[in-house]
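Overview (structure and organization)
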Amino acid sequence: MIHLDNIHKYYGSAQQRLHVLKGIDLHIRAGELVSIMGSSGSGKSTLLNILGLLDRYDEGHYRLADQPMERLSERRAAQFRNQLIGFVFQSFNLLPFKNALENVALPLYYQGVGRKARNEQARHYLERVGLADRAHHMPNELSGGQKQRVAIARALVTQPKVILADEPTGALDSVTTHEVMELLHSVHRQGNTLIIVTHEPEIAAQTQRRIVLRDGRIIADPAAEPA
Ligand code: ADP
Ligand code: MG
C-alpha cells in the first residue's frame, strides 16, 4: 500500500538547512495497524504529512496504492488526498461554522457527490461513530472526544485506502482516549490501513507494528527486512 524509498526532507534555506528526514525506507501493507513513535521534533508529523501528500519530500521515492507520488502538482496531490487518504488530527480540524453532519460530508462535496447522497453517507458514518444524535450540533457544542469521533467519521466517509492519525488522542483525557482508541481499533478491524503517530507508549502498545523514529531516522521497525 505504502512504499517509501530513501526519503529525505529538508526545511529552511540553503544557508540554514534543517535535515528533518534522513533516508526513510518504509513499506506498509494493506490492512496494517502501525504506530510511529518518537520524541518531539523527531520528524513524525513531517513523515505523516509526506505520506498524506500535505508536504513534499526532497529526495527518494514514494508509491501509494501502486501509483508514483513523484512531483505532483497541487491539484493532483489534492485529488489523490481526497481519493486515497483520511486524516485525523490532534486538534480535530473541524470547520467551526458547519455542523457535525456537514463536517463529515465535506470530503464528499469535494468529490462532487450530490447533497442527498453525501448527507446519507455522512449520516451513516456518524452512526458508525455513535453520534447520529449529534448530527446537527456545531463543533463548539461537542466534547473533545465527540469532536474526534466526528473527525474520524469524516476521515472514513470517502472510504480511503489509508487513514493517517497525528496524535489523535493528544488533546483528550484518559477515558476519552480509551473511547477513541476503541473506535480506531474497530476501524482497523473493518480492514482499513491505519497509521497512528503518537509519543505515548500506551497508544503505541495497542498497535501491531511499532515504528520508532529518532532524529529523522527509523531506529526500530519490527517489519523491516534485514539488509
Ligand atoms: P514531531 O512531529 O516528531 O514532533 P516534526 O515533524 O513536527 O516532529 O518536526 C521535525 C523537525 O522539523 C523539528 O525540528 C521542527 O522544528 C522542524 N519543522 C517542522 N515543520 C517545519 C516547518 N514548516 N519549517 C521549518 N521547520 C520545521
Ligand atoms: Mg508532531
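Residues numbered from 1 in each chain as written. Chains lettered and ligands numbered in written order. Predicted model: local features only at pLDDT ≥ 70, side-chain atom pairs only at ≥ 80, totals over all residues. Heavy atoms only, no water.

Quick notes on the site of ligand 1
The immediate surroundings of ligand 1 are formed by Tyr-11, Leu-18, Val-20, Ser-39, Ser-40, Gly-41, Ser-42, Gly-43, Lys-44, Ser-45 and Thr-46. Calculation on ligand 1 without its partners gives an accessible area of 560 Å², and the protein chains cover 57% of this total. Of all the elements in the fold, those that place two or more residues in the shell around ligand 1 are β2 (18-28) and α1 (44-51). Here the shell around ligand 1 gets 3 residues from one element, more than from any other, and that element is α1. A breakdown of the residues in the shell around ligand 1 according to their chemical character gives 3 nonpolar, 7 polar and 1 charged. (Near = heavy atom within 4 Å. Areas by Shrake-Rupley, 256 points an atom, 1.4 Å probe, with all protein chains shown as cover. Helix = DSSP H or I, 4+ residues; strand = E, 2+ residues; numbered from the N terminus. Nonpolar A, V, L, I, M, F, W, Y, C, P; charged D, E, K, R; others polar.)

Re the sheet that holds strand β1 (residues 2-11)
Taken together, the 4 strands give an open sheet; going across it, the order is β2-β1-β4-β5, and neighbouring strands pair in antiparallel fashion. Across the chains shown, the open sheet's two edge strands, defined by having one partner strand only, are β2 and β5 (67-68). Relative to β2, β1 runs antiparallel, the two sharing 8 bridges. For Lys-9, the partnering residue across the bridge sits in β2 and is Leu-21. Running over the sheet, α1 touches β1, β2 and β4 (59-64) and is turned about 125 degrees from β1. (Pairing = 2+ DSSP bridges. Contact = heavy atoms within 4.5 Å. Axes fitted to C-alpha atoms, helices over the stretch in contact; angles between N-to-C directions.)

Examining the sheet that holds strand β6 (residues 85-89)
In spatial order, the strands read β6-β7-β8-β3-β9-β10; together these 6 strands make up an open sheet with mixed pairing. Either end of the sheet is taken by a strand with one partner, and the two such strands are β6 and β10 (217-220). For this sheet, the mean angle separating the axes of adjacent strands, direction not counted, is 25 degrees. One ladder, built from 5 bridges, connects β6 with strand β7 (residues 162-166); its direction is parallel. Its bridge partner lying in β7, Val-88 is registered against Ala-165. Across the sheet, α1 touches β3 (33-37), β6, β7, β8 (193-197) and β9 (209-214), and the angle it forms with β7 is around 155 degrees. Across the face of the sheet, helix α2 (residues 74-84) comes into contact with β6 and β7 while running at roughly 80 degrees to β6.

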